[in-house]
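Now for the letters of each chain:
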Amino acid sequence: MEKTYNPQEIERKWQRNWQEKDAFKVSNEEYQKKYYDLVMFPYPSGTLHVGHVKNYVIGDVIARYKRMRGYSVMHPFGFDAFGLPAENAAIEKGNIHPEDWTMQNINIIRNQIKKLGISYNWEREVITCKEDYYKWTQWIFLQLYKNGLAYKKKAPVNWCPNCKTVLANEQVVNGRCERCGTVVEIKQLEQWYFKITDYAEKLLNDLEKLNGWPENVKTMQKNWIGKSVGAEVEFKLDNGKGSLRVFTTRPDTLWGVTFMALAPESPLVEELTTPEYSEKVNQFLQKVSLQDRFKRTAEGAEKEGVFTGSYAINPVNGEKIPVYVANYILYEYGTGAIMAVPAHDQRDFEFAKKYDLPIRIVIMPEDEELTEEILEKAYVGEGVLVNSEEFTGLNNQTAIKKISQWLEDKKVGKVVTQYKLRDWLISRQRYWGAPIPIVYCEKCGVVPVPENDLPVKLPRDVEFEPTGKSPLIDHPDFKETTCPKCGGKAKREVDTMDTFVDSSWYYIRYVNPKLEDKPFNKEDVDNWLPVDQYIGGVEHAILHLLYSRFITKVLKDLDYVSFDEPFKNLFTQGMIYRNGAKMSKSKGNVVSPEEMIEKYGTDALRTYILFMAPPERDAEWNDSGIEGTYRFLNKVWNTYMKIQEKIIHLENKPKYPLKNKSEKDLRRKLHQTIEKITSDIEGNFQFNTAVSSLMELLNELNSYLNNTDDKDWNLNLLKEFSEDFVLMLSPIAPHISEELWKNFGKDDFIFKASWPEIDKNALKAEEITIAVQINGKLRTQITVDVSLNEEEVKSYALEDDKVQKYISGKKIEKIIYVPKKIINIVVK
């Protein structure tokens, strides 16, 4: 038996034991008392630093604790393995395939995680870039396509004319291609979408079911979905060729419209620009493409635009109004076109002032007379309608309803519910993603690939151009195919799917990761899902979580699963900072887990990560902190070495005599700590206070051992204490706990033992501490027997030496006693 604490040796030993015995394996049949504990899987872009490690450690503490509570725990892991960085590595390095780069990184990360002692069900691993996974991502696409939820339409993209390729937003730096520096253009391309807007109302309403989600995340999703009720109004073009539809929540301002504006990305810009204005419009679009889309639309940003040459007719008064393209309009919101009311919208007001456009007041505050000449900013408050024909004189809230109905009656508008949420653009003009299972036949048109022909495989023999152009575009063996319908010549879709599609259903595949004939078994999935606890960064609060909720609801509606929300509880962990900044390689402030493990051991690293702050908060890394947790574990080890020979052969006794106050105090402290740590874990995962409670408890034990002759030690108490202590420590520092457990002669793994039971009787204090105040100021504390009555406590307080010092020679006016808490002696 090792007498000195050697964490690295102990940790290697137990990691080997767990692996050899497949210790954490759980079968699908063990669902009767199930707990599905899931951390968001990583993108394998390189090595992990301790900032990444935090959520894996949090997830592992929960998994180990739940096993000790008698649950069958599914705790799987995998890799979100498609994506642009792998493709960029292939382009930059020139001699590595994206798959090879990805798999190399996966092997590195997998080994890193195994060194952390995380209790994953490794046999359930999924890797989204493997054919056995993306085959079923393609299957999900086909289910959406068959049910009218996948469609193709034109959409604006960032286009580099030099590289002749589409760029992701993050590849556009200051309006230029990050590779070649060419000014980026906005181009309209046919792309695939998922119709998530069909589920907007369900996605919004069902947030109410998610009681185990943080309120801030639910609010972020609500705002992203952005429900608003208003009117959709049709403005006919004055050339008779079609119309512009706009959505407004303010139909009460329709008589104040003086111009219309289009988003620069809208396909309507090209349609409505007349030949004599095309040069000016194109120059403006070029300029706008250099601006950050969200900064340019922010409050206070300069409003800019240009006339398209077209006019529309206001349906309420027949006025001819100019159509502009303006930088402050977002294509993603509404219809991408707005009716501009400068008198009552600040952004429209600024634009009108700049371009000398008319401003017409149609809502007047009740206590003030406004005129266009004196208006210094838009009036956006409530009021009474003016200059609005038959609606003049109405309160604007009443007018909104009446005008909305009037628009419907006149068949120039209708009441609609609008969402800020746009349909999910899933096309990526990239190689390293799941191919979209569609072919184009001259005879049959758009044809889905039959399910039994899946997967549509990514060809491996590809060459990457420095431009970043997808090699699928010119790959004859991939692109050229036969139509599954008529057998004639056809071309494959060369776009691949957004990686958010891969991660929108992975939590389901973990249940049947090796199933070959279908993506999952309904009965198994219904037994194990929804996920009981999902853990990950708040940066995924919107897109990943929203898309996963959407795909789950689609699968439920198609009767593939029986639940409609994927994640019952969500926990978003805080980040770890160093030198005041988020850890990143570029800042040179990362802390390598391997380095810490080599120096202090895995258990010290895990304990420090949990101890440094409440887990939902950001925390600053400090090397002295991990030194502290290493010293704590060393102290645990040395304390156990001191006592274990004396207690190893003792039988556990449910009851045994406690000879004196110090034994009673120690046992009380033990059971108070069991109660506190249970509450800390069951509550909101307050692992930092759990660790500090264990540190306090160890000090109490050492105080007892050091102040009692070893021949007088209560060995039955030490046996109960040492076993319960190490059981509580085990989810946090599992390796040292396994070793100490084995040293007690235990045959099975510690996580298979039961969590300690709280003895309610032990919690009852025999003595209490009461604060003593003199004239409301705290002067001392007294410890008295819990059974003393009020008069006895008062008498005890008055006899105390410190109290005597303050009341000597003074008259006691009264004594106020708050039972078992405070005495206040009022003197003159």
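Residues numbered from 1 in each chain as written. Predicted model: local features only at pLDDT ≥ 70, side-chain atom pairs only at ≥ 80, totals over all residues. Heavy atoms only, no water.

Q: What exactly am I supposed to notice about the sheet that holds strand β31 (residues 767-774) here?
A: Paired through their backbone hydrogen bonds, the strands of a sheet run either parallel or antiparallel. One open sheet holds the four strands; their spatial order is β32-β31-β34-β33, and the pairing between them is mixed. Here the strands that pair on one side only, and so sit at the sheet edges, are β32 (777-785) and β33 (812-818). Between one strand and the next, the sheet's axes are offset by a mean angle of 20 degrees, whatever the strand orientation. Here β31 runs beside strand β34 (residues 822-827); their pairing, made up of four bridges, is parallel. Bridged to A771 within β34 is I822. (Pairing = 2+ DSSP bridges. Helix = DSSP H or I, 4+ residues; strand = E, 2+ residues; numbered from the N terminus. Axes fitted to C-alpha atoms, helices over the stretch in contact; angles between N-to-C directions.)

Q: What should I look at first to understand the nonpolar core in this one?
A: Proteins that are soluble and globular tend to have nonpolar side chains buried together. Ranked by size, the top nonpolar core spans 180 residues in total, and within it F141, L529, F550, W621 and F725 carry the most contacts. Setting aside anything within four residues of it in sequence, one finds F141 in contact with A150, W192, F194, I426, I436, P437, I438 and M497. With 56 residues, the next largest nonpolar core counts A261, A340, M364 and L375 among its residues. (Core = buried A, V, L, I, M, F, W, Y, C linked by side-chain atoms within 4.5 Å. Buried < 20%, exposed > 50% of the residue type's maximum accessible area, 1.4 Å probe, protein only. Contact = heavy atoms within 4.5 Å.)

Q: Help me out: how do you make sense of the packing of helix α2 (residues 50-68) against helix α19 (residues 602-611) in this one?
A: The angle between the axes and the distance between the axes are what describe a pair of packed helices. The N-to-C vectors of α2 and α19 enclose an angle of 95 degrees; their axes lie 10 Å apart at closest approach. The pairing of α2 with α19 is recorded here as roughly perpendicular in orientation. Mapping the contact onto sequence places V50, V53, K54, V57, I58, D60, V61 and R64 in α2 and L605, R606, I609 and L610 in α19. Its residues assigned to classes, the contact of α2 with α19 comprises eight nonpolar, no polar and four charged. (Parallel < 35°, antiparallel > 145°, perpendicular 65-115°, else oblique. Nonpolar A, V, L, I, M, F, W, Y, C, P; charged D, E, K, R; others polar.)

Q: Just checking my understanding: could you explain the sheet that holds strand β26 (residues 533-536) for this structure?
A: Strand order in this open sheet of four strands is β2-β1-β26-β27, and the pairing throughout is parallel. Of all the strands in the sheet, the pair left with one neighbour each is β2 (72-74) and β27 (570-572). On average, adjacent strands in this sheet sit at an angle of 20 degrees to one another, irrespective of strand direction. Across three bridges, the pairing between β26 and β27 is parallel. Residue Y534 lies in a different strand from β27, and its bridge partner there is L570. Each of β1 (34-39), β2, β26 and β27 touches α2; the most contacted strand, β1, lies at about 170 degrees to it.

Q: Hey, could you run me through helix α24 (residues 734-743) in this one?
A: Along an α-helix, residues three or four positions apart point the same way, because every turn accommodates 3.6 residues. Extensive coverage of α24 is indicated by the burial of nine of its ten residues. Buried within α24 we find P734, H735, I736, S737, E738, E739, L740, W741 and N743. Among the structural elements, α1 (7-20), α2, α19, α20 (623-647) and α23 (715-729) are those in contact with the buried residues of α24. A positive backbone phi angle near 85 degrees is found at G745, which sits one or two residues after α24.

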